[in-house]
Amino acid sequence: LSFSFSLCTSNPFQDGPDTKTSKSQERRAASLCFSAVKFASSLNSEAIVPDSFRGRPLCMDQFRALFGACRLPESTNKDTVAVNPDSTHVVVLENNQMYCFQALWPDGTVAVNEDDILEILLAIKADASKVKPEVSSRNALGVLTTLSRQEWANARQDIVSSSDHNKTALEIVDGALFILVIDDVIPKDIHEAAANMLHGTYDLRSQDNLIDYQAGSCCNRWYDKLQVIVCQNGQAGINFEHSAIDGHTALRFVSDIFADNVVTFAKSITRTIYSDRSFFPSLIQAEVRRASVENPAFVTPKKLNFDLPQSVLNKIYYAETALSDQIVASDTYVLEFTGFGKTLIVHNKMSPDSFVQLSMQLAHYRLYGKIVSQYEPVLTKGFYHGRTEAMRTATEKAARFCEVYLDPNAANAEKLAALRVATQHHSAGIKLAASGKGIERHLFALMKIAEKNGIPTPDFFSSTPYKKLNHTVLSTSNCGNPSLRLFGFGPVVQDGFGIGYIIKDNGLQYSISSKHRQTERFAHTLKQTLIDMGKLLQPRNSVTVTSGPVANARTLSKKAEYLEAWGDTFGEATAAVTTSKKPPKSPLQNPQLLKGRSSRILVRQPSMKSSQIRKFGQSIAPCNSWVDEDKS
């Protein structure tokens, strides 16, 4: 997706629940980082089980851009997504300072375990705390990634051209597997937790000389890459760059590392009961060969220092003030509705996703009295290199439902009938989009091809209806999975709402963001709308006992015909069942067959060898037994 404002509000975020393994920030970060590194190793060896949906395999191409990928700003052209397939290191951001350590051996084997990473993170924290926040905020290089792409490209050029050292340091950041962000913040509630994962916190403080500095976590970010964010109280989530991957790909990553954490926790509490460690098999299959045992210097963490000219320091300050303006203008509110969920909606033979989509349109109609453009992405990974198609909820049937619902003279039976017609119409549109029969991506591609080749575009693309359709006031997406508590993103137009929702068996969760809108009021209206819509549904406890023939019972138990939450199908796809630890390679997994056929937006990053990275930067020894390679 591309938005008209900075990346700080466009990158989606996903927040998983605490596994209760520890409230220690460093322990939680180490646990998640270890699982993420194992996932990267497993992906590199093609040992992960491919995604599928209802038995149909899904394209796995997006996983090429999950690790070692970075969106690079270009001053004279469109941005590129550069991928380093040989990436072996992780970059850590703490107190606006950058560190790196080797996490994989050159052959892709995992080089650290959870305890090793914990020692590394404790050493990094000790070093990062030596710099006061008012000093580190002035050198918060990551805040530049929130600038417009042209401004960021110019600033990046200034950094690179000022010294070869800076160029190398940036290449290390670009080529990292991912960014592990350690935040010095404890969200006071779920709303602040969502906001922190989306854009960080705003905490302006003053020094004795009355000069303000930004002490919030908003500067402790690098929005051009996949970020694993861990708060001071152990709350964690991810923020991912959306250009090359969709939420479904990020969800697979989050689901696997969270489930791996759960398995690890289960092993720890049953260690004295089950002597057989294979009783709880590891979810992520990856070989671990600890470098701290055979070559400690290999994983010694290094600090990445930058020699920044005054022009760049000025841009960092102005980027922070512009970012702070956006955060102050933004509002995030989380609605956790527990009245009913997927189970009751399915019991009434309706699609949960269609039901939720109509709830948002109706809430807006109740609050503002008009139907607006509403967007929902539909997964098309069933096709090679497939991403999404657009579904528009604001149909004639949806408008009719809103009108009937607010008609004081309409009976409940009439409202329910209108709701059924609208949900069925929405589900039919989802099916068409998912099967490659949508029209919006096709039209958009034709328009871009024409622009690229200097071909005049038809008046249709500049018409008022087409512009109104693409002015998406309600930008929505479904990301349902038990591993997540929160999922959201910012609005795509200045007067819009960005709404990420999760459909659970007995509840519905919405994370709503907007700029200068009544976000909380919209959420309250949505809650009341759900309560009222729930009154139209038949409760599950309305079963009666009859003495009719058995045949009638069979008829009643016939499976309801409805379409489950397809949305972006973030939570609907499941891994294919396999009995082997490493499934056989399909033609799409064969590197020889894929040569020259990878996604066209991706370019290969120049790979830096692990030995080059280890010799760069200032060593931060985790413990006395770990020595600096340069001195050994």
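Residues numbered from 1 in each chain as written. Predicted model: local features only at pLDDT ≥ 70, side-chain atom pairs only at ≥ 80, totals over all residues. Heavy atoms only, no water.

### Structural notes on the sheet that holds strand 14 (residues 330-337)
Within a beta sheet, neighbouring strands are joined by backbone hydrogen bonds and run either parallel or antiparallel to one another.
Part 1 of the reasoning: Ordered in space as 14-20-19-17-15-16, the six strands form an open sheet in which the pairing is mixed. Looking at strand neighbours, the two that pair on one side only are strand 14 and strand 16 (388-392), the edges of this open sheet. Adjacent strand axes in the sheet meet at a mean angle of 20°, parallel and antiparallel pairs treated alike.
Part 2 of the reasoning: By the bridge criterion, five bridges tie strand 17 (residues 474-478) to strand 19 (residues 497-504) in an arrangement that is parallel. (Pairing = 2+ DSSP bridges. Helix = DSSP H or I, 4+ residues; strand = E, 2+ residues; numbered from the N terminus. Axes fitted to C-alpha atoms, helices over the stretch in contact; angles between N-to-C directions.)

### Remarks on the side chain of S475
Part 1 of the reasoning: Its location among the elements puts S475 in strand 17.
Part 2 of the reasoning: Note on S475: relative accessible area 4%, which makes it buried.
Part 3 of the reasoning: Other than its neighbours up to four places away in sequence, S475 contacts Y375, F489, V492, F497, G498 and I499. (Buried < 20%, exposed > 50% of the residue type's maximum accessible area, 1.4 Å probe, protein only. Contact = heavy atoms within 4.5 Å.)

### Examining the packing of helix 11 (residues 352-368) against helix 13 (residues 412-434)
Angle between the axes and distance between the axes: these two values describe a pair of packed helices.
Part 1 of the reasoning: Where helix 11 contacts helix 13, the axes come no closer than 9 Å and their chain directions differ by 115°. Classed by the angle they form, the pair helix 11 and helix 13 counts as roughly perpendicular. Where helix 11 crosses over helix 13, the two elements pack in a sense that is right-handed. Here D353, S354, F355, Q357 and L358 of helix 11 lie close against helix 13, whose contacting residues are L419, A422, T423, H426, S427 and I430.
Part 2 of the reasoning: In the contact of helix 11 with helix 13, the residues fall into five nonpolar, five polar and one charged. (Parallel < 35°, antiparallel > 145°, perpendicular 65-115°, else oblique. Left-handed = near helix turned anticlockwise from the far one by under 90°. Nonpolar A, V, L, I, M, F, W, Y, C, P; charged D, E, K, R; others polar.)

### What to know about unusual backbone geometry
Negative phi characterises most residues that are not glycine, and trans characterises most peptide bonds.
Part 1 of the reasoning: Look at R54: it is not a glycine, yet its phi comes out positive at around 50°.
Part 2 of the reasoning: Here R54 is to be found in the loop between strand 2 (51-53) and strand 3 (56-57).
Part 3 of the reasoning: Residue classification places R54 among the exposed positions, given a relative accessible area of 55%.
Part 4 of the reasoning: Although it is not a glycine, H516 adopts a positive phi angle of roughly 55°.
Part 5 of the reasoning: Along the chain, H516 falls in the loop between strand 20 (507-515) and helix 16 (519-534).
Part 6 of the reasoning: Taking relative accessible area as the criterion, H516 reaches 68% and is therefore assigned exposed.

### A word on the pattern of salt bridges
Part 1 of the reasoning: Enumeration according to the criterion identifies 27 salt bridges in this entry.
Part 2 of the reasoning: Where R27 meets D115, a salt bridge forms, and the shortest distance between an N and an O atom there is 3.2 Å. With R27 in helix 1 (residues 25-44) and D115 in helix 2 (residues 114-128), this residue pair connects regions lying 88 residues apart in the sequence.
Part 3 of the reasoning: Taking relative accessible area as the criterion, R27 reaches 26% and is therefore assigned partly exposed.
Part 4 of the reasoning: With relative accessibility at 41%, the residue D115 sits in the partly exposed group. (Salt bridge = Lys/Arg side-chain N within 4 Å of Asp/Glu carboxyl O.)

### Overview of the pairing of strand 11 (residues 227-230)
Part 1 of the reasoning: Covered by surrounding structure in strand 11 are Q227 and I229 together with V228 and V230, the residues of both alternating faces.
Part 2 of the reasoning: Bridge count between strand 8 (residues 179-182) and strand 11: four bridges; the pairing is parallel. Note that in strand 11 the partner of I179 across the bridge is Q227.
Part 3 of the reasoning: As defined by bridge partners, strand 11 adjoins strand 12 (residues 236-239) across four bridges and the pair is classed as antiparallel. Following the sheet pairing, V230 is matched in strand 12 by A236.
Part 4 of the reasoning: With antiparallel pairing between neighbouring strands as the criterion, strand 11 and strand 12 make up a hairpin whose turn holds five residues, including G234 at a positive phi of roughly 95°.

### Regarding helix 14 (residues 440-452)
Part 1 of the reasoning: Look at helix 14: 18 Å from first C-alpha to last across 13 residues, which is about the 18 Å you get at 1.5 Å a residue.
Part 2 of the reasoning: Buried residues of helix 14: E440, M447 and A450, and no others. Considered in projection along helix 14, the buried side chains sweep an arc of 100° and stay on one side of the axis. Facing away from the buried side of helix 14 by more than 90 degrees, the exposed set consists of H442 and K452.
Part 3 of the reasoning: Backbone geometry just after helix 14 places G454 at a positive phi near 70°. (Expected span 1.5 Å × (residues − 1). Arc of directions from axis to C-beta.)

### Quick word on the sheet that holds strand 4 (residues 69-72)
Part 1 of the reasoning: The mixed open sheet is built from three strands, whose spatial order is 4-5-22. For this open sheet the edge positions go to strand 4 and strand 22 (602-604), each flanked by a neighbour on one side alone. The mean angle between the axes of side-by-side strands here comes to 35°, regardless of whether they run parallel or antiparallel.
Part 2 of the reasoning: Note that strand 4 and strand 5 (residues 80-83) share four bridges and pair antiparallel. Paired with C70 across the two strands is A82, which belongs to strand 5.

### Focus on the environment of L170
Part 1 of the reasoning: Here L170 shows up in helix 5 (residues 164-174).
Part 2 of the reasoning: Spatially, the C-alpha atoms of L170 and R156 are 9.0 Å apart, while their sequence positions differ by 14 residues.
Part 3 of the reasoning: If we skip the residues at most four places from it in the chain, L170 touches L141, R156, I159, V160, W222 and F306.

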